[in-house]
Amino acid sequence: MKSLLTLLLLTTATPALANKVFVTNEKGNDITVIDGATMEVLGSYPAGTRPRGITISPDGKELYVCASDDDLVRVFDPETMQETHTLPSGPDPELFVLSPDGGKLYIANEDDNLVTVVDTKTHQMLAEIPVGVEPEGMGVSPDGKVVINTSETTNMAHFIDADSYQITANVLVDQRPRFAQFSDDGTRLYVSAEIGGTVSVIDPATQQVVKTIGFQIPGVLPEAIQPVGLRVTADGKKVFVALGPANRVAVIDGETLEVTDYILVGQRVWQLAFTPDQDYLYTTNGNSNDVTAIEVASNKAVKSIPVGQQPWGVVVAPN
Amino acid sequence: MKSAMFLSALALIMAPVTETAAQGAPAQAPAPATAQGQTTAPAQTVQIAVLRVDRAGLPPISRLELPPPDLGFAGARLGTEDNDTTGRFMGQDFETAEVTATPDTAAAELDRLIAGGTQFIVLLADDATTLALADRAGDRALILNARARSDALRGADCRANVIHVAPSHAMLADALAQFLMWKKWPRWFLVKGSYPEDADLAAAYTRAATKFGGKIVEERVFEDTGGARRTDSGHVQVQAQLPVFTQRAPDYDILITADDAGIFAGYMPYQTWDPRPVAGSAGLVPRSFHPAMEAWGATQFQTRFEKLAARPIREEDYQAWLAVRLVGEAATRARSADPAQLREFMLSPDFEVAGFKGQKLTVRDWDHQLRQPILLTTGLLMASVSPQDAYLHQVTALDTLGIDRPETQCKF
């Protein structure tokens, strides 16, 4: 009995964090935490006003949340879900990306045409970089040397040098770019365009668009196809794109760059996050107030999990 | 040039950007423009003018709708800010002049702007003035109509040098009609004002009824006889007169007001003889934009506008913003400031622009009307957006709103 209890404690204690799924609820002002193993909701916790972008440190010890209407980033202990401190973010932070070493947070300030750089250790603001109108999408190259910002009304992907904070290139993409994601080998940059209805595939070396991928779904109005969140598997072979009010996630072959599948999920799907082993992909469905777990190998939606009001962002704790 | 309210867009817009850069960036970091090897004087300059032709008239019946002095101009300023922010990365600078005129001085102001080298005129004027100025400009300038709504301007009186950014009466009427048919409220009691614009608008509702299967059970004219509408306790007269005016109508589902001049529609809700809702120019109103609209990222647009103008946005501001953005988007995509090239691109099938309405907006080639969803709004909120889902079209659902290609009377 005693040994069983110890075993139980041990098993629950060590991997307690592993695969926990954190979902920001934009209208609910809270974070829903889901057990990735059982796909059950563990609880919901206050997150400030209008939480949107969410990410976690590589060591899994700090959970960062853009509290958009509080004009700051709130940092939580993912174990206790207690707020430990806040970071300056500039006004109206929407989406951000963490440098691969976890040292810097690059934040898009939607209302002020800026990208703010914050040191996660010293909590100091390092720079404000003027970009295009309504900055939103943030990406970082796997080597951490290049930061990408997309500006929704300027319709560009801005290449920012991570050392000098200077813009080195501007690539025009389709209307309202929302998200930027490098492949893990750094040879490709994918940028989704919500109103353009496309994904631009950019060669980061030449900063040229090599292909623009469109989407067609039988029975779905073209206007409803609005690409937003995007994730690439570690081997680069599958690219998942959330298509907003089309209520589907598109699957693109990372080699041929052709669309191979559409997965029906909840309503107005926006952001995506893999589990660390990339067995599952979680989607936030803003209008049906739930998240969908997709099995990556089979492209099947396996479960819908009700969360809070208007789920926006999602991140899964690292192993 | 000097008499009008000319603005240096560059000075106004670049200042805050440089300021934030100086505050936030490390001291050694140079300004972004220099960092990209761009000179402070951009290689290309695009000149736009906003010409607002104000007609003397009565104030609106609600003082909440008094026109602000910067009506339309504020929207254009935001559009210029947006264009300039993008222009920094393209080596393009946008200068937008703001000119007010009366119907008598408008032609001279137009000539003066064109003589000064401006070939894009964002025009906020009534139907007759818009037509007259379009003819006067001829091939010397492209007119971006940001106010006039008559269908004739897009039909028999259409002009090749005009792009209609403002929605037409037919689009607004169709947008409301689709919603009413979805509600299964097909019997309409149409009350129109006594001005020429009201006749055009009422005709659009009649056409919409035929198009979507509604029925106008009766049409009445509300004569503008003047009267002491702003006098103290005028509401007593309103309360007594409107029920009488609307009584003995055949059975109907909803009362539709066609009152572009804003003479009576605002009085109509709750004053009808029968307990019926009101739509059209009051009640449920079809609009190009609304200050409470938060869908499709519009919240940030509203915030940016309110920061700039210190008031909620109006339709004229949205339309002027959109007109200025049309030119900016063309300049960005064409990588050019050459007016002829921009005009050609704006009128090409490849041109599209985003306008916080959830889908790309494009220009109809048969009458140069900008396709756009129409918001159906109540006082404080957006109640619905048309086209409604049930209305399909072989090209785009947006073409279920307004005059479609086969029906057009426009010949360029």
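All names here are of chain B. For helix 6 (residues 169–182), built from 14 residues, the straight-helix expectation of 20 Å at 1.5 Å per residue is met to within 8% by its first-to-last C-alpha distance of 20 Å. In terms of residue burial, helix 6 counts as a mostly covered element, since 13 of its 14 residues are buried. Once helix 6 ends, the next one or two residues include Lys184, with phi positive near 60 degrees.

Right, let's get into the interface of chain A and chain B. How big an interface is tends to be reported as the loss of accessible area on association of its parts. Listed by partner, the interface residues are 33 residues for chain A and 37 residues for chain B. Summing both sides of the interface, chain A and chain B together bury roughly 2,900 Å²; the carbon and sulfur share of this comes to 52%. Counting the surface chain A buries against chain B, the share from its top three residues, Leu172, Gln175 and Ile195 of chain A, is 19%. On inspection of chain A and its partner chain B, the count reaches 15 residue pairs in polar contact (both at pLDDT 80 or more). Counting residues per element, the ones that place at least two in the side of chain A that touches chain B are strand 11 (125–130), strand 14 (156–161) and strand 15 (167–172) of chain A. The greatest single-element share of the side of chain A that touches chain B, amounting to four residues, is contributed by strand 11 of chain A. Considering only residue class, the side of chain A that touches chain B consists of twelve nonpolar, eleven polar and ten charged.

Another aspect to go through is the sheet that holds strand 11 of chain A. All names here are of chain A. In space, the four strands of this open sheet follow the order 8-9-10-11, with antiparallel pairing throughout. Of all strands in the sheet, those with a lone pairing partner are strand 8 (93–98) and strand 11, marking the two edges. Averaged over neighbouring strand pairs, the angle between their axes works out to 20 degrees when direction is ignored. Examined bridge by bridge, strand 10 (residues 114–119) and strand 11 share five bridges and lie antiparallel to one another. For Thr116, the partnering residue across the bridge sits in strand 11 and is Glu128.

Take the state of the cysteines next. Disulfide: a covalent bond formed between the sulfur atoms of two cysteine residues. Residues and elements named next belong to chain B. For the structure on display, the rule yields one disulfide over all chains. Between the sulfur atoms of Cys158 and its disulfide mate Cys410 the distance is 2.0 Å. In this structure, the disulfide formed by Cys158 and Cys410 twists by about 85 degrees around the S-S bond and is classed as right-handed. Taken together, the residues Cys158 in the loop between strand 4 (142–145) and strand 5 (162–164) and Cys410 in the segment after strand 14 (382–386) connect sequence positions 252 residues apart. For the residue pair Cys158 and Cys410, the accessibility class agrees, reading buried in each case.

Okay, the environment of Gly48 of chain A next. Residue and element names in this part refer to chain A. Tracing the sequence through the fold places Gly48 in the loop between strand 3 (40–46) and strand 4 (51–56). You can call Gly48 partly exposed: its relative accessible area is 23%. Considering only alpha carbons, one finds Gly48 and Leu126, 78 residues apart in sequence, at a separation of 24 Å. When near neighbours in sequence (up to four residues on either side) are disregarded, Gly48 contacts Asn29, Asp70 and Arg74.

It is worth spelling out the domain arrangement of chain B at this point. Residues and elements named next belong to chain B. Partitioning chain B into structural domains gives domain 1 (9–167 + 290–372) and domain 2 (170–286). Each partner contributes to the interface: domain 1 provides 15 residues, whereas domain 2 provides 14 residues. In this assembly, domain 1 packs against domain 2 so that about 1,200 Å² is buried in total across both faces, 54% of it on carbon and sulfur atoms. Broken down residue by residue, the surface that domain 1 buries against domain 2 is led by Ile61, Arg149 and Asp151, which jointly contribute 47%. Here Glu197 makes a salt bridge to Arg55, at a shortest N to O gap of 3.5 Å. At the junction of domain 1 with domain 2, the criterion picks out two residue pairs in polar contact (both at pLDDT 80 or more).

Turning to the side chain of Thr85 of chain B, a few remarks are in order. Among the secondary structure elements, Thr85 of chain B is positioned in helix 3 (residues 73–90). Thr85 of chain B gets classed as buried once you look at its relative accessible area, which sits at 5%. A polar contact of 2.8 Å, which involves the side chain of Thr85 of chain B, links it to the backbone oxygen of Glu81 of chain B. Ignoring sequence-local partners within four residues, the contact set of Thr85 of chain B consists of Asn113, Val131, Gly132 and Val133 of chain A.

So, on to the nonpolar core. Residue and element names in this part refer to chain B. With 44 residues, the main nonpolar core has Val46, Phe120, Val122, Leu144, Phe289, Leu326 and Met346 as its most contacted residues. Contributions of two or more residues to this core are made by strand 1 (44–53), helix 3, strand 3 (120–124), strand 4, helix 9 (298–309), helix 10 (315–334) and helix 11 (339–346). Sequence-distant contacts of Phe120, defined by excluding residues within four places in its chain, comprise Val46, Gln47, Ile48, Ala49, Leu142, Leu144, Val327, Pro339, Leu342, Arg343 and Met346. Counting 26 residues, the second-largest nonpolar core is a separate cluster that includes Met181, Trp188, Ile256 and Leu376.

If you walk through the whole model with that rule in mind, you get 15 aromatic pairs over all chains. Arranged with centres 5.5 Å apart and planes meeting at 90 degrees, the rings of Phe289 of chain B and Phe301 of chain B form a pair that is edge-to-face. Here Phe301 of chain B lies in helix 9 and Phe289 of chain B lies in the loop between strand 10 (285–287) and helix 9, a separation of twelve residues in the sequence. In terms of burial, Phe289 of chain B and Phe301 of chain B fall into one category: buried. Feature note: the residues Phe289, Phe301, Tyr318, Trp321 and Phe356 of chain B constitute an aromatic cluster, connected by ring pairs. Over the ring of Trp270 of chain A we find Arg178 of chain A; its NZ or CZ atom is 4.4 Å from the centre of that ring. One cation-aromatic arrangement involves Arg268 of chain A over Trp270 of chain A; the distance from NZ or CZ to the ring centre is 3.5 Å.

With that settled, consider the pairing of strand 4 of chain A. Residue and element names in this part refer to chain A. Counted residue by residue, strand 4 has six buried out of six residues, so it is predominantly covered. Bridging between strand 4 and strand 5 (residues 63–67) involves four bridges; their strand directions are antiparallel. From the neighbouring strand, Ile56 faces strand 5, where its bridge partner is Leu63.

Rules of the game
Residues numbered from 1 in each chain as written. Chains lettered and ligands numbered in written order. Predicted model: local features only at pLDDT ≥ 70, side-chain atom pairs only at ≥ 80, totals over all residues. Heavy atoms only, no water. Helix = DSSP H or I, 4+ residues; strand = E, 2+ residues; numbered from the N terminus. Expected span 1.5 Å × (residues − 1). Buried < 20%, exposed > 50% of the residue type's maximum accessible area, 1.4 Å probe, protein only. Contact = heavy atoms within 4.5 Å. Buried area = accessible area lost by both parts, 1.4 Å probe. Polar contact = N/O pair within 3.5 Å; in protein donor to acceptor, adjacent residues only side chain to side chain. Nonpolar A, V, L, I, M, F, W, Y, C, P; charged D, E, K, R; others polar. Pairing = 2+ DSSP bridges. Axes fitted to C-alpha atoms, helices over the stretch in contact; angles between N-to-C directions. Disulfide = S-S within 2.5 Å. Domains from an automatic or database assignment. Salt bridge = Lys/Arg side-chain N within 4 Å of Asp/Glu carboxyl O. Core = buried A, V, L, I, M, F, W, Y, C linked by side-chain atoms within 4.5 Å. Phe/Tyr/Trp six-rings, centres within 6.5 Å; stacked < 30°, edge-to-face > 60°. Lys NZ or Arg CZ within 6 Å of the ring centre and 35° of its normal.

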